[in-house]
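Understanding the architecture of this molecule
The residues making up each chain are set out below.
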Amino acid sequence: KQEVTQIPAALSVPEGENLVLNCSFTDSAIYNLQWFRQDPGKGLTSLLLIQSSQREQTSGRLNASLDKSSGRSTLYIAASQPGDSATYLCAVRSYNTDKLIFGTGTRLQVFP
Amino acid sequence: NAGVTQTPKFQVLKTGQSMTLQCAQDMNHNSMYWYRQDPGMGLRLIYYSASEGTTDKGEVPNGYNVSRLNKREFSLRLESAAPSQTSVYFCASSFDGVWRSEQYFGPGTRLTVT
């Protein structure tokens, strides 16, 4: 059964820092991996989708990498800003179930 | 560009009451999903519809029913609400052609069952 883990559960950093959020998964047979952002009381906003054949995707200050063989993905946020404060979720879509399996998220706070 | 819309935004029910959560997408997506989000449990799939006319159970289907009314709309029904169904409910959709594609989420429905 696919399991997705995100460490740390919470992170607090000063504005301007570059930071890395981690996501690990137990079954490497995946279609893709998706990173989301969720603001308090709101829905999920898709940030990046990495297909299994890709190694990374970039959007603005965000860069996501995928290492299927080791079951890991990282989300790199450059020059963090207070507006980046939110919970970041990763989810993998397994071959086995063809469903998205979510991690429980990393709650990020960027303080001025 | 509305994306995925959900109604209502908030709802309070008494145990045993019924209600239907509505979801619609305007992106011509084939697949639609209902999730629930609970503290410490993450998002869990309730039901999904891979295409118009088909529905299948997800991880936590008990106590729910769904209808894929047409390509745009996918509703979730609670026949007899229970306190354990207090949660935030999200609808999502994806195109899912040859490649499995991004899922896009609605703003959620916050349901309290007393």
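Summary of the structure given here. The model shown is predicted, which means the values in this text are computed figures rather than measured ones. (Residues numbered from 1 in each chain as written. Chains lettered and ligands numbered in written order. Predicted model: local features only at pLDDT ≥ 70, side-chain atom pairs only at ≥ 80, totals over all residues. Heavy atoms only, no water.)

Considering the pairing of strand 3 (residues 19–25) of chain B
All names here are of chain B. Definition in use: For every residue, the accessible area (1.4 Å probe, protein chains only) is compared with the maximum for its type, and the residue is labelled buried under 20%, exposed over 50%, or partly exposed between those bounds. Only DSSP runs of H or I reaching four residues or more are called helices, and only runs of E reaching two or more are called strands; each is numbered from the N terminus. Being paired, for any two strands, means DSSP has found at least two bridges between them.
Across the seven residues that make up strand 3, a large majority, five, are buried. Across four bridges, strand 1 (residues 4–7) lies against strand 3 in antiparallel orientation. Bridge pairing in strand 3 links T5 to A24. As judged from the three bridges shared by strand 3 and strand 8 (residues 74–78), these two strands associate in the antiparallel manner. The residue bridging L21 from the neighbouring strand is L76, located in strand 8.

With respect to the sheet that holds strand 7 (residues 64–68) of chain B
In sheet architecture, strand pairing relies on hydrogen bonds along the backbone and comes in two forms, parallel and antiparallel. Residue and element names in this part refer to chain B. The condition is simple: Lines fitted to the C-alpha atoms define the axes, with helices restricted to the stretch that makes contact. Angles between their N-to-C directions range from 0 to 180 degrees.
As summarised here, the arrangement of the four strands in space is 1-3-8-7, forming an open sheet in which the pairing is antiparallel. Each of the sheet's edge strands pairs with one partner strand only, and the pair in question is strand 1 and strand 7. Along the sheet, successive strands turn relative to each other by an average axial angle of 20°, direction set aside. Relative to strand 8, strand 7 runs antiparallel, the two being bridged by five bridges. Paired with Y64 across the two strands is L78, which belongs to strand 8.

Details of the interface of chain B and chain A
The condition is simple: By definition, residues are in contact when any of their heavy atoms lie within 4.5 Å. In this description, buried area is defined as the sum, over both parts, of the accessible area (probe of 1.4 Å) that is lost when the two are combined. Every case where a carboxyl oxygen of Asp or Glu lies within 4 Å of a side-chain nitrogen of Lys or Arg is listed as a salt bridge. In protein, a polar contact requires one atom able to donate a hydrogen and another able to accept it; more generally it is a pair of N or O atoms within 3.5 Å, and residues adjacent in sequence count only if both atoms are side-chain atoms.
Each partner contributes residues to the interface: chain B has 21 residues there, and chain A has 20 residues. Carbon and sulfur atoms make up 53% of the surface buried where chain B meets chain A, a total of about 1,600 Å² over both sides. It is L43(B), R100(B) and E102(B) that lose the most area in chain B upon contact with chain A, and together they represent 35% of the buried surface on that side. Taken together, the connections running from chain B to chain A amount to one salt bridge. Of the charged contacts, one joins R93(A) and D96(B) as a salt bridge, the two residues approaching to 2.8 Å between their closest N and O atoms. Our enumeration of links across chain B and chain A arrives at seven residue pairs in polar contact (both at pLDDT 80 or more). Elements with a minimum of two residues in the side of chain B that touches chain A: strand 4 (31–38), strand 5 (42–49) and strand 9 (87–94) of chain B.

Focus on the state of the cysteines
Heads up, the rule is: When two cysteine sulfur atoms lie within 2.5 Å, the pair is treated as a disulfide.
Summed over all chains, the structure comprises two disulfides over all chains. Each sulfur in the disulfide pair C23(A) and C90(A) lies 1.9 Å from the other. The S-S bond linking C23(A) to C90(A) shows a torsion near 70°; that makes this disulfide right-handed. Taken together, the residues span a long stretch of sequence, with C23(A) in strand 3 (residues 19–25) and C90(A) in strand 9 (residues 86–94) at a distance of 67 residues. Note on accessibility: C23(A) and C90(A) belong to one class, buried. Put simply, C23(B) and C91(B) are joined by a disulfide, and their sulfur atoms are 1.9 Å apart. Handedness here is read from the sign of the S-S torsion; for C23(B) and C91(B), about -70°, the answer is left-handed. With C23(B) in strand 3 and C91(B) in strand 9, the pair connects residues that are 68 residues apart, well separated along the chain.

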